[in-house]
Number of protein chains: 2
Amino acid sequence: MKVTIGQINTTNGDLTGNTEKIIAAIEKAKADGSDLIVFPEVATHGYTSQDWFQDPDIIRHSLDPLDKIIPATNGITAVVGCIKPNENPNGRRLFNCAAVIHDGKLIDFAEKTLLPEYDVFDDPRYFEPNAGHYRLYEANGVNLGVVVCEDFWNDKTFWKERLYENDPTDIVLDMGADVVVSINASPYNKGKIGLRGKMVSHRAKLARTPVIFVNLIGGNDGIIFDGASLVADEEGDIILQAAAFEEFVETVELDVRKPDARGITGGEPEAIRQALVLGIRDYAGKNGFQKAVLGLSGGIDSALVAALAAEAIGPENLLCVMMPSPFSSEGSITDSEELIKNLGCESRIEPISDTFEVLLKQTKLDKPTKGGESLAAENMQSRLRGVILMAISNAEGRLLLSTGNKSELAVGYCTLYGDTNGGLAVLGDVLKTEVWKIARHINKTAGREIIPNKIIDKRPSAELAPNQFDQDSLPPYELMDPILQLYFEQKASPTEIIAAGNDAELVYAILNKVENPANEFKRQQLPPTLIISKNAIGVGRRRPITHKYRRNKDL
Amino acid sequence: MKVTIGQINTTNGDLTGNTEKIIAAIEKAKADGSDLIVFPEVATHGYTSQDWFQDPDIIRHSLDPLDKIIPATNGITAVVGCIKPNENPNGRRLFNCAAVIHDGKLIDFAEKTLLPEYDVFDDPRYFEPNAGHYRLYEANGVNLGVVVCEDFWNDKTFWKERLYENDPTDIVLDMGADVVVSINASPYNKGKIGLRGKMVSHRAKLARTPVIFVNLIGGNDGIIFDGASLVADEEGDIILQAAAFEEFVETVELDVRKPDARGITGGEPEAIRQALVLGIRDYAGKNGFQKAVLGLSGGIDSALVAALAAEAIGPENLLCVMMPSPFSSEGSITDSEELIKNLGCESRIEPISDTFEVLLKQTKLDKPTKGGESLAAENMQSRLRGVILMAISNAEGRLLLSTGNKSELAVGYCTLYGDTNGGLAVLGDVLKTEVWKIARHINKTAGREIIPNKIIDKRPSAELAPNQFDQDSLPPYELMDPILQLYFEQKASPTEIIAAGNDAELVYAILNKVENPANEFKRQQLPPTLIISKNAIGVGRRRPITHKYRRNKDL
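### Some words on the sheet that holds strand 14 (residues 248-253) of chain A
All names here are of chain A.
Item 1. An order of 5-4-3-2-1-14 is seen for the 6 strands of this open sheet, with the pairing classed as mixed. Edge positions in the open sheet fall to strand 5 (105-111) and strand 14, since each of these has one partner strand only. Looking at each pair of strands side by side, their axes are set apart by 30° on average, direction ignored.
Item 2. Summarising the sheet, strand 1 (residues 2-7) and strand 14 pair through 6 bridges and their orientation is antiparallel.

As structure tokens, then:
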């Protein structure tokens, strides 16, 4: 049996474009002599459509794309992620389902049962769960069990903790499925590609049943789907690992045990780099931005964003703006100029000193001094840079990329309406120590210094006051990041973070910064953040600003 | 039987403070000779705690507040909204429940069954549903049926459309409840107080069973709980309507048919005014701000915010900043000064002309002209005002109130990082035509001109270019607002809005503005918005920025 992986990059609401991609993939599958083609979850509308799924006109017309897709399936079976109205007057108005189409006829819909409501997911807001409609579908003499995303992710022999009691994949296996078809919109985060491989392999081996696991690819605001679809044979061996972070419409022979080489290569720093590049490219591309702009400070964060953006949209489309103030170091310009030369992008110098002088005088604020109490005047510099960058963005139609890293944003070491300004927070989910790793990885992969080592090795500084360094106000990033990682990614509590071997006082000090309402307030006004981890700042983590939860040793 | 309404204002995570309020209310109930006291949903922790409900330390200690509350209940029954760990290793880690406590002993927990996942609600993210544990609780010879919030809101004889099939209130009524106790965290929105009254009355009358409906009160970021608790007798008559927008711990005789006068008075403009005042007061107060600042433009929006803020935190704590530019009308200062005098608040003039000149020259942008293409230079003025206001906020520890109205924010007629700056968007859910109504209502109630009529009657203008008026770019607010109201509050689709009698071209024109990714992008970076309607901008409405849904006559 030949199977085609329909790993396509969908856009929310691009019904015409998505349908064309689906039909083109079906044509390719037919040309390959394929028996079955499988597409990701809600491929017709885009999985991340959110409250668009509540619009009565969208609901009423939700099956329209199938009218065009069905006639294209002569001689082949297609499993297409889509949405379907709920005819029962009670309950949510849609089902999230897989349309099973064969030889020009719609056979049935397999509806999603388990509706995730955690991290970035809000399925129960939109979808009614499958209330017990399970069956198998025959394709070329093979019985397919078809499940939608979360319905494959609740294997009691694989997960230590589970959110649901029932397992729809077990149900279709018990019914006698010869092959499990799992359609997904599973976002990238660190370690996820390996985890999926283990999970798919485990299930296939235990059930002695091949698994076809197809995943969505593409950036949608902050959420980045990596693709990396998988096929496992009945031994649990991965016989196909599709490319990650790009579309992949290729055919595999299910019965031949022959590991396929078309997979991704490279471990985590490389996967993160690819995720961020795809995230920038799709956010810009899908929203019609050809060009971008960012502020280049001479520090590592903006340097990395520049390198990633140059790759994503082409260096010729990237403008780097240097905006020195009286407190900028000499390297802030010279190091930046070296980077700009390496990347081959456009640049401009827009000093903020004159405006800063005028405004300081007008508002009667003191000039920042080393170690002084000059928050307002420090922030003012960052905000004037923000004004200049937004003026360029407005005047030239450039997407403004913001450059703050997750460690800073976590503890509030950033200026709201200043360096946080932008259409997309590229590193908002990347810890400072990860920023350094990715930068070194980029240079290593290139075999040359793209990001000058001077920038990588520089002592972190906001340069908003004389001789100011991050570590005047914050613990070293090497100590802070492991704590932040446990706290955000694992949702660990202080007790657990301390039990993992971190210093108690440091844990409380850092978490009291993170959880300070004044910092949550800033985080809630950030641009969409490219997500590379679980429970990321933004849609993945939801906290009130107003609260009096306080961490201490008694809790 | 005497019942005390424990309508208290809780703060997220203020376990000590909330517990003290609960105990103080129990003491008052005992002094009143009450048999039963009822508190709102999750009164111990604060209903709007969001992902704090996922923290292992918080979960582990979730029952701690009851240790202090239980001993205080000698001689009385207390129903206290709280959270309780789920002991089953599968499923969400908490139940949302009502602790039933009697005479110093914990009797049981009544767990919430129906978990709302719409508008601002995300219950399934945190809570495991009650899986069938229902019983009655005896208090003073009366059998109580106790239900938590949504479990009271699914009456098939009351609602045309329902999200759930089962009705936990019917279950406890069928078991023979003599009285239904409903504990709630039901946020205010327009018409909600009347709706609750009808719903409670309907249920009580049909079941011939008294209903004690207790609601939370208080602002929590944008979400404003109005209280307005209710008691209905078995005839369905409302025998107590508690005050709205303030704490209310009072005792009522359940068996005596005597309508209680302690209710709210005044219809919608008054309720909205009270909601906004409470929202400002609690956001400032619970976050430790004594003082606030705002930019006063001479227009109606900032004038109304100033009036509301002066009431919420006292005029002596409010600073109004006038920031004229070369395009400001004479009235922008003189009218503002009249308002400032009426309110008795502090004021300051900070012209932006000098800084604007310096920056315009530096960035080589043309000065705005009437009807010209000068978006970048127009926005720059707004952003420079934002810089000044944030400098004052930072330097003086003042909460910055942003003043844009919902009509503007809906169609993107605002400057991101400019007039949208702030800690709280006071009018972000108030349509322009509602702004006018509330302003007139304030003057009428006061019996004098607090907000000068010159400001109310002024032709709306952003004053960012010569002779610029809102209606150069936008349809009249009188035509726009009814369309926006149907679209946002009713989640109506274009087809439905047109069917309601609105001009089709106008509907498409307005919705294409609202749904433009460039405007969604702005809305996603707004401060928390005080919510007075269903599906409000912010947590109540969730849309991706990136999308290609397009409205047209074929859809």
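Here the narrative resumes, following the displayed structure.
### A word on the pairing of strand 18 (residues 399-402) of chain A
All names here are of chain A.
Item 1. Burial along strand 18 is two-sided: Leu399 and Leu401 and Leu400 and Ser402, pointing in opposite directions, are all buried.
Item 2. Examined bridge by bridge, strand 15 (residues 292-295) and strand 18 share 2 bridges and lie parallel to one another. Residue pairing for strand 18: Val293 is matched across the bridge by Leu400.

### Describing the relation of the copies chain A and chain B
Item 1. Mapping chain A onto chain B is achieved by rotating through 180° and translating by 0.0 Å along the same axis, at an RMSD of 0.0 Å. Taken together, these values place the two copies in the relation of a two-fold axis. Taking C-alpha positions as the reference, the residue of chain A nearest the rotation axis is A:Gln525, at 2.2 Å.
Item 2. Both copies present the same face, since 100% of the interface residues in chain A are matched by interface residues at the equivalent positions in chain B.

### A word on the sheet that holds strand 15 of chain A
All names here are of chain A.
Item 1. The strand order 17-16-15-18-19 describes an open sheet built from 5 strands, whose pairing is parallel. Each edge of the sheet is formed by a strand with only one pairing partner; in this case those strands are strand 17 (346-349) and strand 19 (424-425).
Item 2. Here strand 16 (residues 318-322) runs beside strand 17; their pairing, made up of 4 bridges, is parallel. Residue Val321 lies in a different strand from strand 17, and its bridge partner there is Arg348.
Item 3. Relative to strand 16, helix 8 (residues 331-343) is tilted by about 170°, and along the sheet it contacts strand 16 and strand 17.

### Thoughts on the state of the cysteines
Item 1. Counted by the stated rule, this structure contains 0 disulfides over all chains.
Item 2. Between A:Cys345, a cysteine without a disulfide, and A:Cys320, which holds the nearest cysteine sulfur, the sulfur-to-sulfur distance is 3.6 Å.

### A word on helix 10 (residues 353-363) of chain B
Item 1. Along helix 10 of chain B, the positions that sit buried rather than exposed are B:Thr355, B:Phe356, B:Leu359, B:Leu360, B:Gln362 and B:Thr363. Down the axis of helix 10 of chain B, the smallest arc covering the buried residues is 165°, so these residues share one side. Residues of helix 10 of chain B that are exposed and angled more than 90 degrees away from the buried face: B:Asp354 and B:Lys361.
Item 2. Each element contacted by the buried residues of helix 10 of chain B is listed here: helix 9 (353-363) and helix 10 (375-396) of chain A together with helix 11 (375-396) of chain B.
Item 3. One or two steps after helix 10 of chain B, the chain reaches B:Lys364, where phi turns positive at roughly 55°.

### Focus: the environment of B:Asp57
Item 1. Take B:Asp57: it is sitting in helix 2 (residues 56-60).
Item 2. In this structure B:Asp57 comes out as buried when scored by relative accessible area, which is 0%.

### Side note on the confidence of the model for chain A
Item 1. Here chain A averages 95 in pLDDT, while 97% of its residues score no lower than 70.
Item 2. If you check the scores for this complex, the pTM reads 0.96 and the ipTM reads 0.95.

### Things to note about the packing of aromatic side chains
Residues and elements named next belong to chain A.
Item 1. Going through the model one piece at a time under the given rule, you end up with 28 aromatic pairs over all chains.
Item 2. Judged by centre distance (5.3 Å) and plane angle (70°), the rings of Tyr188 and Phe245 are edge-to-face. Of this pair, Tyr188 sits in the loop between strand 8 (179-184) and helix 5 (192-207) while Phe245 sits in the loop between strand 13 (238-241) and strand 14, and the two are 57 residues apart along the sequence. Here the two residues Tyr188 and Phe245 agree in accessibility, since each one is buried.

### Description of the environment of A:Ala303
Residue and element names in this part refer to chain A.
Item 1. Looking at the secondary structure, you find Ala303 in helix 7 (residues 300-313).
Item 2. Ala303 gets classed as buried once you look at its relative accessible area, which sits at 1%.
Item 3. C-alpha of Ala303 to C-alpha of Cys320: the two residues are 17 residues apart in sequence and 9.6 Å apart in space.
Item 4. Not counting residues up to four positions away in its chain, the partners in contact with Ala303 are Leu296, Leu339, Ile451 and Ile455.

### Points about the interface of chain A and chain B
Accessible area lost upon the coming together of the parts serves often as the stated size of an interface.
Item 1. With 91 residues of chain A at the contact, the number on the chain B side is 91 residues.
Item 2. Surface buried jointly by chain A and chain B totals about 8,300 Å² across both partners, of which 53% is contributed by carbon and sulfur atoms.
Item 3. Together, A:Trp52, A:Thr546 and A:Tyr549 form the three largest contributors to the area buried by chain A at its contact with chain B, with a combined 11%.
Item 4. Between B:Arg542 and A:Asp122 there is a salt bridge whose closest N-O contact spans 3.8 Å.
Item 5. When residues of the side of chain A that touches chain B are traced back to their parent elements, those giving at least two are helix 2 (56-60), helix 6 (268-286), helix 9, helix 10, helix 16 (494-499) and helix 18 (517-523) of chain A.
Item 6. It is helix 10 of chain A that contributes the most residues to the side of chain A that touches chain B, 12 residues altogether.
Item 7. Its residues assigned to classes, the side of chain A that touches chain B comprises 38 nonpolar, 27 polar and 26 charged.

### Quick word on the pattern of salt bridges
All names here are of chain B.
Item 1. Within the structure shown, the criterion is met by 76 salt bridges over all chains.
Item 2. The salt bridge involving Lys21 is made with Glu247; its shortest N-O contact spans 2.9 Å. Remark: Glu247 occurs in the loop between strand 13 (238-241) and strand 14 (248-253) and Lys21 occurs in helix 1 (residues 15-31); sequence separation between them is 226 residues.
Item 3. Between Glu270 and Arg273 there is a salt bridge whose closest N-O contact spans 2.7 Å. One end of the pair, Glu270, and the other, Arg273, are both in helix 7 (residues 268-286), 3 residues apart, so they sit about a helical turn from each other.

### Description of the packing of helix 7 of chain B against helix 8 (residues 300-313) of chain B
Residues and elements named next belong to chain B.
Item 1. Relative orientation of the contacting elements helix 7 and helix 8 amounts to 60°, with a least axis distance of 8 Å. In terms of their interaxial angle, helix 7 and helix 8 are classed as oblique. In terms of crossing hand, the pair formed by helix 7 and helix 8 is right-handed. Of helix 8, the residues touching helix 7 (which contributes Arg273, Leu276, Val277, Ile280, Arg281 and Ala284) are Leu308, Ala309, Glu311, Ala312 and Ile313.
Item 2. Residue classes in the contact of helix 7 with helix 8 are distributed as 8 nonpolar, no polar and 3 charged.

### Concerning the side chain of A:Thr77
Item 1. Take A:Thr77: it is sitting in strand 3 (residues 77-85).
Item 2. A:Thr77 gets classed as buried once you look at its relative accessible area, which sits at 2%.

### Some remarks on helix 10 of chain A
Item 1. The terminal C-alpha atoms of helix 10 of chain A, which comprises 22 residues, lie 32 Å apart, in line with the 32 Å expected from a rise of 1.5 Å per residue.
Item 2. Downstream of helix 10 of chain A by one or two residues, A:Gly397 has phi in the positive range, about 65°.

### Points about unusual backbone geometry
Item 1. In this model, A:Asn467 sits at a positive phi of 50°, which is unusual for a non-glycine residue.
Item 2. Turning to its location among the elements, A:Asn467 is positioned in the loop between helix 13 (453-457) and helix 14 (470-473).
Item 3. The phi angle at B:Val42 is positive, at roughly 40°, despite the residue not being glycine.
Item 4. With respect to the element layout, B:Val42 can be found in the loop between strand 2 (36-38) and helix 2.

### Overview of the packing of helix 8 of chain B against helix 13 (residues 432-446) of chain B
Residue and element names in this part refer to chain B.
Item 1. Where helix 8 meets helix 13, the closest approach of the two axes is 10 Å, and the angle between their N-to-C directions is 45°. When the interaxial angle is binned, helix 8 and helix 13 end up oblique. You can see that helix 8 and helix 13 cross each other, and the crossing is left-handed. Seen from helix 8, the contacting residues are Ile300, Asp301, Leu304 and Leu308; seen from helix 13, they are Lys432, Val435, Trp436, Ile438, Ala439 and Ile442.

Definitions and limits used
Residues numbered from 1 in each chain as written. Chains lettered and ligands numbered in written order. Predicted model: local features only at pLDDT ≥ 70, side-chain atom pairs only at ≥ 80, totals over all residues. Heavy atoms only, no water. Pairing = 2+ DSSP bridges. Helix = DSSP H or I, 4+ residues; strand = E, 2+ residues; numbered from the N terminus. Axes fitted to C-alpha atoms, helices over the stretch in contact; angles between N-to-C directions. Buried < 20%, exposed > 50% of the residue type's maximum accessible area, 1.4 Å probe, protein only. Least-squares fit on C-alpha atoms with pLDDT ≥ 70 in both. Contact = heavy atoms within 4.5 Å. Disulfide = S-S within 2.5 Å. Arc of directions from axis to C-beta. pLDDT = per-residue confidence, 0-100. Phe/Tyr/Trp six-rings, centres within 6.5 Å; stacked < 30°, edge-to-face > 60°. Buried area = accessible area lost by both parts, 1.4 Å probe. Salt bridge = Lys/Arg side-chain N within 4 Å of Asp/Glu carboxyl O. Nonpolar A, V, L, I, M, F, W, Y, C, P; charged D, E, K, R; others polar. Parallel < 35°, antiparallel > 145°, perpendicular 65-115°, else oblique. Left-handed = near helix turned anticlockwise from the far one by under 90°. Expected span 1.5 Å × (residues − 1).

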